[in-house]
Amino acid sequence: MHAKSNASKHKYIIRDLGYFLKSLGISDTVIALEDNLRLSKEQSLKIEMFFSSYLEGLPIDYILNESVFYGNKFYIDSRVLIPRPETEFIVDWALDLQLKKNSLIAELGTGSGCISISLALENPNLKIIATDISNDALDVANLNVNSHDVRNILLVKSHWISCIQRESLDLIISNPPYLKPNDQHLKDLKHEPIIALITKNGLESFHEIAVQAISRLKSGGKIIFEHGCSQAYEVSKILKENGFKNILSEQDLQGLDRYTHAEKL
Ligand SMILES: C[S@@+](CC[C@H](N)C(=O)[O-])C[C@H]1O[C@@H](n2cnc3c(N)ncnc32)[C@H](O)[C@@H]1O
């Protein structure tokens, strides 16, 4: 049992080291063929830094400063949450709505900008306002907006959508912080920004957003949240208490309730 788990750990270390060496321009073939692989001073230093960061448990995306989300590469560092594959569902769901040209979308808590930028790349006819309360996150999102050269996103520093006019939005999207301050998962997430992870009772973000959202959406406008797999009932209740209708939770690929969407009638 122990030997097997060590073997699989080593497999991941070798895979991640492979990614890292590639990012330095050293390919697998070169490593395999050259006995006396000559490294520049800079490459040696970076490899040493890789090992010390890796041993400290820094996630590979932060070491490489890169994540892949919805098929696109994003600059990532420890100022923002690492994009999660399950969040791609939100992009698919929003695209499936087939919103009209110039529809106005707000993404609340944009972090790296991965959701908004993926939507903007897929549909340049949408107008997207991406907010975050963290200047650090907005700096990272701005780097990604520029590197992807998207023109239909406005980044705004705001407490959720307090900056937005009443009855102006067609769609609201948010993957807000949803862990309780004493959540046991936090010990595995110690390199990610705490502001992206926790909220009072695990539910405060949903309360705050639902209150703001009902007045900012147009009639017929929709909202979708990503949330923890045990929160579908509470999130649905919050949406209902704030006047939303047609509330439905959806499952991720593991069959866990991870998203809840609703409509303002
Ligand atoms: C879970 S992360 C989501 C990041 C990104 N959207 C994603 O899905 O990878 C939540 C984000 O919400 C932001 N945030 C926290 N409180 C906020 C608030 N009151 N108003 C706006 N953004 C907030 C955090 O800074 C963080 O970037």
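Here the structure is a predicted model, which is why all the values come from computation and not from measurement.

S.K.: Explain the overall build of the chain residue by residue, including any values.
M.R.: Each helix and strand counted, the chain has nine helices and nine strands in total. Expressed along its principal axes, the backbone C-alpha trace of the chain runs to roughly 70 × 45 × 30 Å. In the chain, 64% of the contacts between residues at least 6 apart in sequence involve partners at least 24 apart.

S.K.: Residues and numbers for the site of the ligand, please.
M.R.: In the neighbourhood of the ligand, 23 residues make up the surrounding shell, with Gly109, Gly111, Ile133, Asn175 and Ala196 lying closest. Elements with a minimum of two residues in the shell around the ligand: helix H6 (114–122) and strand E4 (127–132). Its residues assigned to classes, the shell around the ligand comprises 13 nonpolar, nine polar and one charged.

S.K.: Describe the pairing of E4, naming the residues involved and giving the relevant values.
M.R.: Among the six residues that make up E4, five are buried, leaving the element largely enclosed by the rest of the structure. Pairing of E4 with strand E5 (residues 153–157) involves five bridges; the strand directions are parallel. Among the inter-strand pairings, Ala130 is bridged to a residue of E5, identified as Leu155. Handedness of the crossover is the feature at issue here: the chain leaves E4, passes through helix H7 (residues 135–148), returns alongside E5, and the resulting connection is right-handed.

S.K.: Summarise the environment of Pro83; cite the residues concerned and give the values.
M.R.: One can find Pro83 in the loop between strand E2 (72–74) and helix H5 (88–96). Considering only alpha carbons, one finds Pro83 and Leu265, 182 residues apart in sequence, at a separation of 32 Å. Among all residues touching Pro83, those that are not within four sequence positions of it are Ser67, Phe69, Phe74, Ser112 and Cys114.

S.K.: Run through the environment of Asn65, naming residues and quoting values.
M.R.: If you trace the backbone, Asn65 turns up in the loop between helix H4 (60–64) and strand E1 (67–69). Residue Asn65 is classed as exposed on the basis of its 12 C-beta neighbours within 10 Å. Through-space distance from the C-alpha of Asn65 to that of Phe89 is 23 Å; in sequence the pair is 24 residues apart.

S.K.: Pulling in residues and values, what's your account of the nonpolar core?
M.R.: Among the nonpolar cores identified, the biggest contains 53 residues, and Ile105, Ala106, Leu119, Ile128, Ile172, Ile173 and Ile223 are the most heavily contacted of them. Aside from chain neighbours lying at most four places away, what touches Ile172 is Ala106, Leu108, Ala213, Leu217 and Ile223.

S.K.: Just give me the short version of the domain arrangement of the chain, but keep the residues and values in it.
M.R.: Under the domain assignment, the chain is made up of domain 1 (2–57) and domain 2 (70–263). With centres defined by C-alpha atoms, the gap from domain 1 to domain 2 works out at 35 Å.

S.K.: Explain the packing of H5 against H6 residue by residue, including any values.
M.R.: Where H5 meets H6, the closest approach of the two axes is 10 Å, and the angle between their N-to-C directions is 40°. For the crossing formed where H5 meets H6, the hand is right-handed. Residue-level contacts link Ile90, Val91, Ala94 and Leu95 of H5 to Ile115, Ser118, Leu119 and Glu122 of H6.

S.K.: Before we move on, could you go through unusual backbone geometry and cite the residues and values that matter?
M.R.: Unusually for a residue other than glycine, Asn65 sits at a positive phi of about 55°. In the Ramachandran plot, Trp160 falls in the positive-phi region, its phi being about 50° despite a non-glycine side chain. Within the secondary structure layout, Trp160 lies in the loop between E5 and strand E6 (169–174).

S.K.: How would you sum up the packing of helix H8 (residues 204–216) against helix H9 (residues 232–241)? Please name residues and give values.
M.R.: Contact pair H8 / H9: the axes reach a minimum separation of 9 Å and the direction vectors enclose 25°. Taken as axis vectors, H8 and H9 run roughly parallel relative to one another. The handedness of the crossing between H8 and H9 is right-handed. Taking contact as the criterion, the partners of Phe206, His207 and Ala210 in H8 are, on H9, Val235, Ile238 and Leu239. For the contact of H8 with H9, a count of residues per class yields five nonpolar, one polar and no charged.

What counts, and where the lines are drawn
Residues numbered from 1 in each chain as written. Predicted model: local features only at pLDDT ≥ 70, side-chain atom pairs only at ≥ 80, totals over all residues. Helix = DSSP H or I, 4+ residues; strand = E, 2+ residues; numbered from the N terminus. Contact = placed C-beta atoms within 7 Å. Near = placed C-beta within 6 Å. Nonpolar A, V, L, I, M, F, W, Y, C, P; charged D, E, K, R; others polar. Buried ≥ 20, exposed ≤ 12 C-beta atoms within 10 Å, placed from the backbone. Pairing = 2+ DSSP bridges. Right-handed = clockwise from strand over helix to strand, strands pointing away. Core = buried A, V, L, I, M, F, W, Y, C linked by C-beta atoms within 7 Å. Domains from an automatic or database assignment. Axes fitted to C-alpha atoms, helices over the stretch in contact; angles between N-to-C directions. Left-handed = near helix turned anticlockwise from the far one by under 90°. Parallel < 35°, antiparallel > 145°, perpendicular 65-115°, else oblique.

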